[in-house]
Amino acid sequence: MTSLLRTLPLLTLSLFALATPSSVSARTISVSPGESIQTQCLNVVAPGDTCEIQPGTYSITTPLTLKVSGTQTAPITLKCATNLGCTINSGTSKTLVTSNQTHYYTIENFRFIASAVTTHATLYFGEGTTWSKSDKTLGNNGYIFRNNYVEGNMLFYGHDNLVENSEFNGKNIWNDGITDWYASSYNNTYRHNKIYDYKVRSIWTMQYTDNILIEDNDVNNHIDCDGAGHPVTRCIVKNNRIHDAGMGIQIENSFDSVFEGNIISNVQTFGMIIENYGKSADFNADSEYRNTISNITVKNNLIYNPGSNGIYIYGASGGIIENNTIIYSKPNAGYYGALALARYDTFLSHDWVIKHNIFSSQNVSALVTTSTIPLPNMVIDYNLYLGSKFYQRIDNTFTAKTTPQWQALGYDQHSLFTDPLFIDSSTSNYQLVPNSPACTGGQNGHYLGAFPCAVSSPTASSSPLASPLPSPKSGDANGDAKVDGLDYVAWLSHYNQNVSGASNGDFNNSGKVDGIDYVVWLNHYGQ
């Protein structure tokens, strides 16, 4: 997978495809091993220029410093002449930094190697910059960082930056992979990256940030939309694969945000934790946010095998949890399970619409924390439960509820309590077969769970373990009877497109190439 990622074709977005106008006399400056990238290129470039670095290893003791700004129409390009053929080795120093407010660079095809923790980050797009938590006019802006390999970490203080098709290896040395901070960090996009082996987080967007898109990354550390001290807004986390991590997605004082289409598996604690802070003894935010409506949307996520809860809501209010599939497979795990709404100090979690989900749990299906009166403006209905073990918590007393008692609280009046009939849960294929009761079990015939019903698959038996999806070989796009990296490229090339057929990466024939097709490919990889 690592070698495959490094050779994936570059995906570009028209927003970032910036042409150099004919009025700018752009130069290409070549640097060879033994020469100084800093002296011969970075110190003398002008907008529109390209620094073309020839393959080889460049050992440095002080970081490469970007001193000259490009422009939006004439960015400066720093690239290796061959794909990942240039290694920049900084040892215990930072590898690449900005000076005060330098903008508009494209950086591609490098191996950036550091060996130790440095102040802020080894790739630091905030060096020499005047800092402010709330001033949106500062920062280092307009960077495109793509098709690189990094041993180290990255920090942005700026906006309209793009990181894509890159690999970040934390080597269990650095805490976080990619970070952006404060109000100057907005309109940043992190997509199609592989991020692994960090101590804490894969991607961390922190305090005051706005309109951050985290999309289609493969990570084994959690993603954190962190407005703990002051809220973040419009944090969009979609279609990521988060696995074998401490947790999946941490959502802290995040408002007007969307968490959609993610596949979260085998995490140690929570699949998702949604928590708001305020003026409290254990965490003192700049205001009280625990009774503020968050307007969060959590939809079409698959969460399976979390250690604690699938979704845990902690003193947060106001949002929609719809069309998710949560599989909790640990019996006898206390009060942990598929879903929990908890109290933070005296602040209850309320004003949630929770519908059209599938909650399959071998322990607790759902737990709500209330006072002696029902939670205000709560809708929990039109869900499907496999396993029905409910709890109501008042203060420190947990009371088990039978299904009729749970419904007497006003919850799940129209929900189903039956087997959803997944295609093949033994291979983590949690799609629904056509005759599943979840296909039309929602309000007005809406489907339940993360995925609409498969359009063509075997009829399910009474067991949830139906036959897997047929094809010549599931996940084989090019018909060579092997499921390998070439098939992954076919999937990636058509990702999020409305096309049909295994040759296009639509391995379940749903008419759209999405994360489920990736799961089919992954489950058959190497066969």
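Since the model is a prediction, treat every value here as computed from it, not as a measurement.

A. View of the nonpolar core. Residues Ile-107, Phe-125, Phe-145, Ile-311 and Trp-352 are the most contacted members of the largest nonpolar core, which totals 79 residues. Residues in contact with Ile-311, not counting those within four places in the same chain, are Met-272, Ile-274, Val-298, Ile-303, Ile-321, Ile-326, Ala-338, Leu-339 and Ala-340. Within the second largest apolar cluster, 16 residues are counted, among which are Ile-327, Leu-432, Ala-450 and Phe-451.

B. Spotlight on the confidence of the model for the protein chain. Per-residue confidence for the protein chain gives a mean pLDDT of 89, with 90% of residues at or over 70. Counting interchain partners and residues more than four positions distant, the pLDDT-below-50 stretch residues 1-23 has 47 contacts. pLDDT under 50 marks residues 456-472. Its contacts with residues more than four places away, or in other chains, come to 45 contacts.

C. Structural detail: the pairing of strand S22 (residues 222-226). Among the five residues in S22, five count as buried, and that is most of the element. Residues His-222, Asp-224 and Asp-226 of S22 are buried on one face, and the alternating residues Ile-223 and Cys-225, pointing to the opposite face, are buried as well. Two elements, strand S19 (residues 201-206) and S22, share five bridges in a ladder whose sense is parallel. Bridge pairing in S22 places Met-206 opposite Asp-226. Pairing of S22 with strand S25 (residues 249-252), which is carried by four bridges, proceeds in the parallel orientation. Bridging across to S25, Ile-223 finds its partner in Ile-249.

D. Structural view of the packing of aromatic side chains. Taken as a whole and judged by the stated rule, the model has 28 aromatic pairs. The interplanar angle of 85° and the centroid separation of 6.1 Å between the aromatic rings of Trp-131 and Tyr-182 together place this pair among those described as edge-to-face. Within this pair, whereas Trp-131 is found in the loop between strand S10 (123-125) and strand S11 (143-146), its partner Tyr-182 is found in the loop between strand S16 (176-181) and strand S17 (189-191), the two being separated by 51 residues in sequence. Relative accessible area serves as the criterion here: at 12%, Tyr-182 is assigned to the buried category. Counting every residue linked through ring pairs, the aromatic cluster contains Tyr-124, Trp-131, Tyr-157, Trp-181, Tyr-182 and Tyr-208. Across the ring face of Trp-204, the terminal group of Arg-201 is positioned such that the distance to the ring centre comes to 3.7 Å. For Arg-290, the ring lying beneath its charged end belongs to Tyr-344, and the centroid distance is 4.7 Å.

Procedures and definitions
- Residues numbered from 1 in each chain as written.
- Predicted model: local features only at pLDDT ≥ 70, side-chain atom pairs only at ≥ 80, totals over all residues.
- Heavy atoms only, no water.
- Core = buried A, V, L, I, M, F, W, Y, C linked by side-chain atoms within 4.5 Å.
- Buried < 20%, exposed > 50% of the residue type's maximum accessible area, 1.4 Å probe, protein only.
- Contact = heavy atoms within 4.5 Å.
- pLDDT = per-residue confidence, 0-100.
- Helix = DSSP H or I, 4+ residues; strand = E, 2+ residues; numbered from the N terminus.
- Pairing = 2+ DSSP bridges.
- Phe/Tyr/Trp six-rings, centres within 6.5 Å; stacked < 30°, edge-to-face > 60°.
- Lys NZ or Arg CZ within 6 Å of the ring centre and 35° of its normal.

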